[in-house]
Amino acid sequence: MTLMRLQNFACGKWVSSRGTPRPIYGATDGAKIAEAGSDGLDFQKMIEFATRTGGPALREMTFHDRARRLKALALYLQERRTQLYQLSTLTGATLSDSKIDIDGGIGTMLVFASKGRREMPDSHVYLDGPVEHLSRAGSFLGQHVATPLRGVAVHINAFNFPVWGMLEKLAPSLLAGVPAIVKPATATSYLTEACMRLMDESGIFPAGAFQLIVGGTGNLLDLLGPQDIVSFTGSAQTSLMLRTNPNIPKNGVRFLAEQDSLNASVLGPDVTPDSPEFDLFIKEAVREMTAKAGQKCTAIRRMIVPDKMLAPLGEAIAAKLARTVIGNPAERATQMGALASAAQKADVLAQVQKFSGEVTRLYGDPEGFEVVGADRDKGAFLPPMLFVCADPDGASKVHEVEAFGPVATLMPYRDLSHAAALMNRGGGSLVGSVITHDPAVAREITLASAAWHGRLYFNDRDSMGESTGHGSPLPHMVHGGPGRAGGGEELGGIRGVLHYMQRTAIQGSPRMLTEIGGVWVKGAETPKPPAHPFTLGYDELQIGHSITTEAREVTLADIEHFAAFTGDMFYAHMDDEAARANPFFPGRVAHGYLLLSFAAGLFVEPNPGPVLANTGLNGLHFQKPVSPGDRIYVRLTVARKTPRTAEYGEVRWAVTVFNQENEEVAEYELLTMVACGRQVR
Ligand code: NAP
């Protein structure tokens, strides 16, 4: 194949290195396949291009604009992903490994696109939490808001996920409105480069939204300022070196780290060889050892099992590993491909050597294993290697040394607290799993161990049909872990977006908060709409548009009718003496649901119009009981608008029900879908 001469994408142009590039070798045959280098790049100019061109263009868009572009970009890549699969084979990845990387990255982008539309506003300010009441009368309030950082995000990625690694960081960064400079690990940067070329060709994001460095980052980190962020994935050693760059603490540059991790999987004490969880444990264990040839930051490195299960499990896992076909990743029969490079293979063997004094080998001889469709000695092949550590309390290296390949160690535990203690000896990990059918085991492990893990994964016969696997970080859930794992956090839905934003506490009057956040805050102005708001289309409705209804009396006959009609004969509505004995009621009171129904009767406009449906109700509070003879009226206010499709949007209304003393008796948020045009028939 022709040698790939990789280029950097800097300041909107594809540029080659001016110096001597670094060679990159194929995983399967060790042949030189590419050259990469970044000599001659002007990193200051790249930062300026991001902050002066990319940032402003991104920030001009709303969260929804950016979410729509993310979706379009993900679909663009999805249509062209077979090109990427071909290159991915060169990294040693089988087709299913490539799907984890490429489809996984695209899928992550799609989830962020969808969450951005559903959970973020179609505006420029994200409201983080509810309004805080800071004053008695409500004229001075607080609200946390988040706005995008004004700098650049530097994304430094590990070699094992050249596409997912880039996209899982880019999606939240771009959704936040922050441009990025991506620096993939050199060993597999040809795949990242190919993916970014597609992203550039698509023209979906504006110039400066993303740039690429293939090679070293020179003085880039020295140039970062207080609005910049580094998101790093890689080894603890590199992380330490980068985060201690004096410029990082000096300028308060945010530094997120996803590092290596000695992830553990525990077999619950309830599991016996004939229970479905026994086979499930074996399946998860073998998958984690062989997928991506074990080069996953989340892979199981330590299998912690009841001592009486050590022998049967060891035998069963070894037998299954023995059936794993290792070979050329381009061939269909291959179940486990090569490691990414000869250097990586050498590193794995050197790491195994470090804990070899504490373990015995149960399976996998690096000198004696078969490879199909490729030359075993030219490619970076290794067999899965399973070890047993008989004395995990006395051992230290097995809990410390990460061999980033198809390597795991089985170890016995006495009781559950011992199992949790062993899990925690990883010093902080990305994920711990427990295969158990006993919820009490899950709870005990959570209490004893959750603080040491970024994610806990429980699996059993009930969830195994749909579970996503010990090793799969999901865009919805937090990825990252304490301590050794870096202390960072990525993904986790909109939490992941907020890492690229500044949270600011805003304090002021309801009028100020309404204008800043674009959501009506109680106490702010309530302009009178030109007509009943249910007759106005989505686009005509303004935040704060409000009506106050006529009042109606709630009679004892109404309460009795409602009770008989619905069957809700709760004593507080039916029995005066019993109601009085209750500390909350002065005597018989109206049903809360009756008040809601009367409220709707007071505020709805009955004729067909733009309001399409009532889709829900949030935050309902009954503040004061309503007694027979009380008169209630309602204030209905447009609180929040979110576009959904070209035809309609969601309108949330603040509804307050008052009594004849103007006291609030009920409050809630009403959710409706409203058509953009005035009339729908
Ligand atoms: P690595 O050697 O630490 O490299 C990580 C990244 O840092 C690469 O892009 C590397 O670029 C870059 N880098 C190295 N020195 C640098 C410097 N002086 N300035 C700027 N960048 C520098 O890790 P790796 O070998 O690629 O990946 C394997 C490790 O990553 C494993 O330990 C694994 O556990 C961890 N990992 C963690 C996660 C997670 O989410 N927590 C995910 C995947 C992998 P070059 O390639 O050009 O040196």
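Scroll up a little and you will see the structure.
Residues numbered from 1 in each chain as written. Predicted model: local features only at pLDDT ≥ 70, side-chain atom pairs only at ≥ 80, totals over all residues. Heavy atoms only, no water.

Draft legend 1. Broad picture of the environment of Val 434. For Val 434, the location among the structural elements is in strand E19 (residues 429-435). On the basis of relative accessibility, which here comes to 0%, the residue Val 434 falls in the buried class. Considered as a pair, Val 434 and Val 305 are 129 residues apart in the sequence and their alpha carbons are 9.9 Å apart. Discounting chain neighbours no more than four positions away, the residues touching Val 434 are Val 266, Val 441, Ile 445, Tyr 457, Phe 458 and Asn 459. (Helix = DSSP H or I, 4+ residues; strand = E, 2+ residues; numbered from the N terminus. Buried < 20%, exposed > 50% of the residue type's maximum accessible area, 1.4 Å probe, protein only. Contact = heavy atoms within 4.5 Å.)

Draft legend 2. Spatial organisation of the sheet that holds strand E5 (residues 32-36). Sheet architecture is open: 3 strands sit in the order E1-E5-E4, paired in mixed fashion. Edge positions in the sheet fall to strand E1 (4-5) and strand E4 (22-25), since each has one partner strand and no second. Sheet topology places E4 next to E5; 4 bridges connect them, and they run antiparallel. Residue pairing for E5: Tyr 25 is matched across the bridge by Lys 32. The strands that helix H6 (residues 189-202) touches are E1, E4 and E5; relative to E5, the one it contacts most, it runs at about 65°. (Pairing = 2+ DSSP bridges. Axes fitted to C-alpha atoms, helices over the stretch in contact; angles between N-to-C directions.)

Draft legend 3. Representation of the side chain of Arg 302 in the model. Secondary-structure assignment places Arg 302 in strand E15 (residues 302-306). No salt bridge is formed by the buried Arg 302, whose closest oppositely charged neighbour, Asp 393, lies at an N-O distance of 9.5 Å. At 3.0 Å, the side chain of Arg 302 and the backbone oxygen of Leu 262 are in polar contact. A polar contact is formed between the side chain of Arg 302 and the side chain of His 399, at a distance of 2.9 Å. (Lys, Arg positive; Asp, Glu negative; His and termini not counted. Salt bridge = Lys/Arg side-chain N within 4 Å of Asp/Glu carboxyl O. Polar contact = N/O pair within 3.5 Å; in protein donor to acceptor, adjacent residues only side chain to side chain.)

Draft legend 4. Representation of the packing of helix H2 (residues 63-79) against helix H5 (residues 164-176) within the structure. At a closest axis distance of 8 Å, the pairing of H2 and H5 adopts a crossing angle of 150°. Between H2 and H5, the angle is such that the two are roughly antiparallel. Counted together, Phe 63, Arg 66, Ala 67, Leu 70 and Leu 77 of H2 and Leu 167, Ala 171, Leu 174, Leu 175 and Ala 176 of H5 form the full contact between these two elements. Considering only residue class, the contact of H2 with H5 consists of 9 nonpolar, no polar and 1 charged. (Parallel < 35°, antiparallel > 145°, perpendicular 65-115°, else oblique. Nonpolar A, V, L, I, M, F, W, Y, C, P; charged D, E, K, R; others polar.)

Draft legend 5. The site of the ligand, seen in detail. Neighbouring the ligand are 26 residues, the closest being Asn 157, Thr 186, Ser 235, Thr 238 and Glu 402. In this structure, an oxygen atom belonging to the ligand sits 2.6 Å away from a side-chain N or O atom of Glu 402. When isolated, the ligand has an accessible area of 900 Å², and the protein chains bury 82% of it. Within the residue set of the shell around the ligand, elements represented by two or more residues are strand E12 (229-233) and helix H7 (236-243). Residues of the shell around the ligand, tallied by class, amount to 11 nonpolar, 10 polar and 5 charged. Split by domain, the residues of the shell around the ligand number at least three in each of domain 1 (4-126 + 146-259) and domain 2 (264-474). (Near = heavy atom within 4 Å. Areas by Shrake-Rupley, 256 points an atom, 1.4 Å probe, with all protein chains shown as cover. Domains from an automatic or database assignment.)

Draft legend 6. Just the pattern of salt bridges, in detail. What the rule picks out here adds up to 28 salt bridges. Across the pair Glu 48 and Arg 52 runs a salt bridge whose closest N-O atoms are separated by 3.9 Å. Placement of both Glu 48 and Arg 52 in helix H1 (residues 43-60) is noted, with a separation of 4 residues, approximately one turn of the helix. For Glu 48, a relative accessible area of 26% translates into the label partly exposed. On the basis of relative accessible area, Arg 52 is assigned to the exposed category, the value being 61%. Between Arg 81 and Asp 103 there is a salt bridge; the shortest N-O distance is 3.3 Å.

Draft legend 7. Geometry of the sheet that holds strand E14 (residues 264-267). Spatial strand order, E16-E17-E18-E15-E14-E19-E20: 7 strands in an open sheet with mixed pairing. Because the sheet does not close on itself, it has two edges, and the strands there are strand E16 (360-363) and strand E20 (453-459). In this sheet, neighbouring strand axes are inclined to one another by 25° on average, regardless of whether the strands run parallel or antiparallel. Strand contacts of helix H13 (residues 439-449): E19 and E20, with the helix running at about 170° to E20, the strand carrying the most contacts.

Draft legend 8. Geometry of the nonpolar core. Membership of the largest hydrophobic core comes to 64 residues, with the highest contact counts inside it found for Leu 70, Tyr 190, Met 199, Phe 205 and Phe 210. Per-element tally for this core: the top contributor is H5, with 8 residues. Here Met 199 is in contact with Leu 73, Leu 77, Met 166, Leu 167, Leu 170 and Phe 210, once residues within four sequence places are set aside. (Core = buried A, V, L, I, M, F, W, Y, C linked by side-chain atoms within 4.5 Å.)

Draft legend 9. Region of the structure containing the environment of Ser 509. Tracing the sequence through the fold places Ser 509 in the loop between strand E23 (501-508) and helix H15 (510-517). Between the C-alpha atom of Ser 509 and that of Glu 358, which follows or precedes it by 151 residues, the distance is 65 Å.

Draft legend 10. Structural detail: the pairing of strand E13 (residues 254-258). With 4 of its 5 residues buried, E13 lies for the most part within the structure. Pairing of E12 with E13, which is carried by 5 bridges, proceeds in the parallel orientation. Its bridge partner lying in E13, Ile 229 is registered against Arg 254.

Draft legend 11. Examining the packing of aromatic side chains more closely. Using the criterion set out here, one finds 9 aromatic pairs in the structure. With a centroid separation of 4.7 Å and 45° between ring planes, the pair formed by Phe 570 and Tyr 571 is classed as tilted. On the basis of relative accessible area, Phe 570 is assigned to the partly exposed category, the value being 43%. Taking the relative accessible area as the measure of exposure, Tyr 571 reaches 33% and is therefore partly exposed. The rings of Phe 534, Phe 603 and Trp 653 are connected pair by pair, giving a single aromatic cluster. (Phe/Tyr/Trp six-rings, centres within 6.5 Å; stacked < 30°, edge-to-face > 60°.)

Draft legend 12. Layout of the side chain of Asn 459. With respect to the secondary-structure elements, Asn 459 resides in strand E20. For Asn 459, a relative accessible area of 1% translates into the label buried. Within polar-contact distance, the side chain of Asn 459 engages the side chain of Tyr 457 at 3.1 Å. What Asn 459 contacts, discounting residues up to four positions off in sequence, is Leu 280, Glu 284, Val 434, Ile 435, Thr 436, Met 464 and Ser 467.

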